[in-house]
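Results of the structural survey
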Amino acid sequence: MAHRYFPHTPDDIKEMLGKCGVETLDDLYADVPDSLRLKRDYDLPTQMSESQVREYFTDLAEMNRPLTCFAGAGFYDHYTPAVIQAILSRSEFLTAYTPYQPEVSQGTLQYIFEYQTMMSELTGLPVSNASMYDGSTAVAEAMMMCVAAGRKKNRVLVSATLNPIYREVTDTYAGYHGVTIETIPESGGVTDLEALRSMLEGASDIAGVILPTPNYYGILEDYTGVADMVHAAKALLVMTAPASALGYIRNPGEWGADIAAGEAQSLGMPLSFGGPGLGYMCCTKALMRKLPGRIVGATTDPSGQRVFVLTLQAREQHIRRDKATSNICSNQGLMALYAAVYLSLMGPQGLREVNTLSASGAHYLADRLVETGAFELKYPGKPFLNEFVLRYKGDTSLKDFMEVSAASGCLAGVCIAEDELLVCVTENRTKEEMDRYVWRADTFSKAQTPLFTPEGEKTF
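First, a word on what this report is: a plain description of the structure on this page. Everything numeric here is computed off the predicted structure, so don't read it as measured data.

Quick look at the overall build of the chain now. A tally of regular secondary structure across the chain gives 14 helices and 17 strands. Dimensions of the chain, computed from the C-alpha atoms along their principal axes, are close to 80 × 65 × 50 Å. Out of the 460 residues in the chain, the part that is buried amounts to 46%. Pairs at least 24 apart in sequence give 69% of the contacts found in the chain among residues at least 6 apart. For the chain, the exposed area adds up to about 23900 Å²; of that, 53% sits on carbon and sulfur atoms. Distance from the positive charge centre (39 side chains) to the negative charge centre (56 side chains) of the chain: 6 Å.

See the structure below:
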């Protein structure tokens, strides 16, 4: 055979061509214009041995420059316990697919059930699905839930302090479903609650309100009385937060929210150059049947043993497509397992410790950076957890500082404006790394010339 990995023999191919009523493989492409057909060999490298392939990809990997990460903006560099990867790599989980047949899918159903239970505890809401693609689609689906529950209502109010990624995806969903999105203005880095009150007064077509905590700037917003205000307008309240933070701060259920939706990547999932993530969504019992995806429940079999079943199945694979609320891929089941293992390992005390370390590190770094004179807090006096916004005051540009930092092995944060930097600290960052960041900022801001020479980079 010409290709050892192709299973079809020449006789197999001849038989299949005969069934198609043609003589050669080229005959299958007779409708393709000759000018569009490739008449040369593929531009592929020659074959390699296994050791050569390994060496080739090792060389590619070594071209990556690992950076000490002080960036956040919705995705966080938390520690990943080694045991998680060991559990996920077990064959019963690695090959798990959608549990269409509960009698042979008890392992998959159990971990989904455990995930739902722990997410309900985190958010303070009684019902959880399993699960969404990522935080942005989860928030967008929450917006659609508000509209579905509101029947003829088609307006949703979204805080200006929401993560821009979430807002963009929500706007995309809304644009194709006839939903009007309006922005609640911000004031001093937080949602303008008086403006929200004015927008709600006398309105009869508002289906929901979406608020973040912490918000995009890392600030912990105070939503005292907001749930009563929203419910008085007969609208639903959606709150979003990084999942890890919910083990430390006041959760959506305690604020009186109807729906909690957001990104769960912070539950120990590695950044992995951009994914995968995990969108979580929880709600009140009254909204259970509007929840997209699937819900696993527990019952007993004829022998009295505890078993798990798909209680609600709103995926388009399970019911009529026009009645389905969403289409959730099986990969998200694997990420739900990831979150379940992480949460079971950390427990409430572990989550508190992760957030305590992150918060103390963030406040230490913020104070030290302000002391250099190179930065100032954009929102002084506002409470934050592990993320904060700095305004750059150096003579050179913030872009130059970011480039020099990256050249010396540090991702200094996320530029959210020409002179504004969003900085994040997690439990992974050491005091030495933070002190080096401070020294780098102090040295760069006082330099007479940009430090782009090899000699200059070495000093960093």
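Having seen the model, we can carry on.
For the rest of this paragraph, the subject is the pattern of salt bridges. If charged atoms from side chains of opposite charge come close, those side chains can pair. Here the structure, examined in full by the defined rule, presents 15 salt bridges. Two residues, R54 and E50, come together in a salt bridge whose shortest N-O distance is 3.5 Å. Of this pair, R54 and E50 both sit in helix α2 (residues 50-61), four residues apart, roughly one helical turn. Ionic contacts of the salt-bridge type, sharing partners, join the residues R368, E371, K431 and D435 into one network.

Note on backbone geometry: most residues besides glycine have negative phi, and most peptide bonds are trans. Of note, the bond from A130 into S131 is cis; its omega dihedral lies within 30 degrees of zero at -5°. By secondary structure assignment, the location of S131 is in the loop between β2 (127-128) and α6 (135-149). Cis peptide bonds are those with omega within 30 degrees of zero, and the linkage from G275 to P276 qualifies with 0°. Structurally, the position occupied by P276 is in the loop between β9 (259-263) and β10 (279-283). Positive phi values are uncommon outside glycine, yet R151 reaches one of about 60°. If you trace the backbone, R151 turns up in the loop between α6 and β3 (155-159). Looking at R151, the relative accessible area reads 74%, which means it is exposed.

Taken as a whole, this structure holds 12 aromatic pairs when the rule is applied. Arranged with centres 5.3 Å apart and planes meeting at 45°, the rings of Y217 and Y379 form a pair that is tilted. You can see Y217 sitting in the loop between β7 (206-212) and α9 (226-232) and its partner Y379 sitting in the loop between β13 (375-377) and β14 (387-392), a full 162 residues away along the chain. Here the aromatic cluster, defined as three or more aromatic residues joined through ring pairs, consists of F70, F375, Y392, F401, Y437 and F444. Here the basic side chain of R250 rests over the ring of W255, its NZ or CZ set 4.0 Å away from the ring centre. Above the ring of F70, the side-chain terminus of R429 is found at 5.9 Å from the ring centroid.

Basis of the calculations
Residues numbered from 1 in each chain as written. Predicted model: local features only at pLDDT ≥ 70, side-chain atom pairs only at ≥ 80, totals over all residues. Heavy atoms only, no water. Helix = DSSP H or I, 4+ residues; strand = E, 2+ residues; numbered from the N terminus. Buried < 20%, exposed > 50% of the residue type's maximum accessible area, 1.4 Å probe, protein only. Contact = heavy atoms within 4.5 Å. Areas by Shrake-Rupley, 256 points an atom, 1.4 Å probe, with all protein chains shown as cover. Lys, Arg positive; Asp, Glu negative; His and termini not counted. Charge placed at Lys NZ, Arg CZ, Asp CG, Glu CD. Salt bridge = Lys/Arg side-chain N within 4 Å of Asp/Glu carboxyl O. Phe/Tyr/Trp six-rings, centres within 6.5 Å; stacked < 30°, edge-to-face > 60°. Lys NZ or Arg CZ within 6 Å of the ring centre and 35° of its normal.

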